[in-house]
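One letter stands for each residue in the lines below.
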Amino acid sequence: MLNEIKHAFTENKLAIFASVAILFISLILGYCLEGYLYSYFNPVVEDLTQKVQTGVLSLTFHDIFLNNLKVICGMFLLGAIFCFSALTLAFNGFFTGYYIGTSDNVFAVLMYIIPHGIFEFSSCILACAGGFVLFNFIYKFVKNLLNEEYDSISERISNSFVESYDKLKQSLILFGIAVILMIIAGIIESYLTLPIAEFILSLA
């Protein structure tokens, strides 16, 4: 199993690096263009704030994990549609960058983001990369399916799946690790981020 995980990472380095680049570029742009993004993201911030204040959205592990799981599931599945997972990842990067940019105390905001953000962002990166690999699987499957070497449809489907299966398996491995990282992120955000941040800020 460890060899398969290692293989999934080494075989898809380009997809992972592309996801890292998308996230960090969107983070930087979101921070730098905060003033221009106000009309787009401020309603989202106000909506989230209101949901937390009214109890519609609670900062429990259950709510945090389910919400983040929806995000990475959508990110992974959208990869099947011409790699649209990149748009979801970029949106999250822009939003986070914007949120940091609106703060009067950037250091404090970072302290409340970094402890769980390390795992959460890593999860999003792998979910997006998994989406890219899923698209690669579909592309290879359809390409092989159109191969005229096989006469019967069933034979074409069977052979096409066998020849493309590695990419499907690798995409699921990347997504599986993304889910594990998101579980860790949820635990840290629910129970550790606040005390860690408050401790560090008390020393500043």
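A. Broad picture of the overall build of the protein chain. For the protein chain, the helix and strand inventory stands at eight helices and zero strands. Counting from the amino terminus, helix and strand elements in the protein chain follow one another as α-α-α-α-α-α-α-α. Taking the principal axes of the C-alpha coordinates as reference, the protein chain spans close to 70 × 40 × 30 Å. Counting all 204 residues of the protein chain, 36% fall into the buried class. Pairs at least 24 apart in sequence give 82% of the contacts found in the protein chain among residues at least 6 apart. A total accessible area of about 11900 Å² is found for the protein chain, and carbon and sulfur atoms account for 69% of it. Taking the average place of the 9 positive charges on the side chains of the protein chain and the average place of its 16 negative ones, the gap between the two points comes to 9 Å.

B. Representation of the packing of aromatic side chains in the model. For the structure on display, the rule yields eight aromatic pairs. Aromatic pair phenylalanine 41 and tyrosine 98: ring centres 5.6 Å apart, planes at 45°, arrangement tilted. With a gap of 57 residues between them, phenylalanine 41 in helix 3 (residues 34-54) and tyrosine 98 in helix 5 (residues 85-101) connect regions that are remote in the sequence. Of the two residues, phenylalanine 41 and tyrosine 98, both sit in the buried class. By way of ring pairs, the aromatic residues Phe41, Phe91, Phe95 and Tyr98 are connected into one cluster.

C. Here's a closer look at the nonpolar core. Counting residues in each nonpolar core, the largest one holds 32 residues, and the members touching the most others are Ile72 and Leu126. For this core, the secondary structure elements donating two or more residues are helix 2 (13-32), helix 4 (61-78), helix 5, helix 6 (106-145) and helix 7 (153-191). Among the elements that take part in this core, helix 6 stands out by supplying 11 residues, more than any other. Judged by nonpolar contacts, the second largest core, of five residues, contains Phe41, Val45, Phe95 and Tyr98.

D. Local environment of a nonpolar patch on the surface. Residues Phe107, Ile183, Ile187, Tyr191, Leu192, Ile196, Phe199, Ile200 and Leu203 make up a contiguous nonpolar surface patch of roughly 840 Å² in combined accessible area. Every element with two or more residues in the nonpolar patch is listed here: helix 7 and helix 8 (193-203). No other element matches helix 8, which puts four residues into the nonpolar patch. Position of isoleucine 200 among the secondary structure elements: in helix 8. For isoleucine 200, a relative accessible area of 31% corresponds to the partly exposed category.

E. Quick look at helix 5. Between its first and last C-alpha atoms helix 5 spans 24 Å; for 17 residues at 1.5 Å apiece the expected length is 24 Å, and the two agree. Turning to helix 5, its buried residues number three or more, namely Ser85, Ala86, Leu89, Ala90, Gly93, Phe95, Thr96, Gly97, Tyr98 and Ile100.

F. Quick look at helix 2. Helix length check: helix 2 (20 residues) gives 28 Å between terminal C-alpha atoms against 28 Å at 1.5 Å per residue, within 8%. For helix 2, every residue scored as buried is listed here: Ala15, Ile16, Ser19, Leu23, Ser26, Leu27 and Gly30. All buried residues of helix 2 lie within an arc of 105° about the axis, which places them on one face of the element. Exposed residues on helix 2 whose side chains face more than 90 degrees from its buried face are Leu14, Phe17, Ile28 and Cys32.

G. Here's a closer look at the side chain of threonine 193. The residue threonine 193 is located in helix 8 in this model. Of the residues examined, threonine 193 reaches a relative accessible area of 5% and is grouped as buried. Here the side chain of threonine 193 touches histidine 116 through a polar contact of 3.0 Å, side chain to side chain. Beyond its immediate sequence surroundings of up to four residues, threonine 193 is in contact with Met111, Tyr112, Pro115, His116 and Ile188.

H. View of the confidence of the model for the protein chain. The predicted model of the protein chain averages 89 in pLDDT, with 94% of residues at 70 or higher. Helix 2 holds the highest mean pLDDT among the elements of the protein chain, 96, whereas helix 3 holds the lowest, 80.

I. Molecular detail of the environment of glycine 101. Structurally, the position occupied by glycine 101 is in helix 5. Given the relative accessible area of 21%, glycine 101 is considered partly exposed. Between the C-alpha atoms of glycine 101 and leucine 194, which are 93 residues apart in sequence, the distance is 20 Å. The residues touching glycine 101, leaving out its near neighbours within four places in the chain, are Tyr31 and Glu34.

Parameters and conventions
- Residues numbered from 1 in each chain as written.
- Predicted model: local features only at pLDDT ≥ 70, side-chain atom pairs only at ≥ 80, totals over all residues.
- Heavy atoms only, no water.
- Helix = DSSP H or I, 4+ residues; strand = E, 2+ residues; numbered from the N terminus.
- Buried < 20%, exposed > 50% of the residue type's maximum accessible area, 1.4 Å probe, protein only.
- Contact = heavy atoms within 4.5 Å.
- Areas by Shrake-Rupley, 256 points an atom, 1.4 Å probe, with all protein chains shown as cover.
- Lys, Arg positive; Asp, Glu negative; His and termini not counted.
- Charge placed at Lys NZ, Arg CZ, Asp CG, Glu CD.
- Phe/Tyr/Trp six-rings, centres within 6.5 Å; stacked < 30°, edge-to-face > 60°.
- Core = buried A, V, L, I, M, F, W, Y, C linked by side-chain atoms within 4.5 Å.
- Patch = residues over 30% accessible without salt bridge, like charges linked within 9 Å, V, L, I, M, F, W, Y side chains within 5 Å.
- Salt bridge = Lys/Arg side-chain N within 4 Å of Asp/Glu carboxyl O.
- Expected span 1.5 Å × (residues − 1).
- Arc of directions from axis to C-beta.
- Polar contact = N/O pair within 3.5 Å; in protein donor to acceptor, adjacent residues only side chain to side chain.
- pLDDT = per-residue confidence, 0-100.

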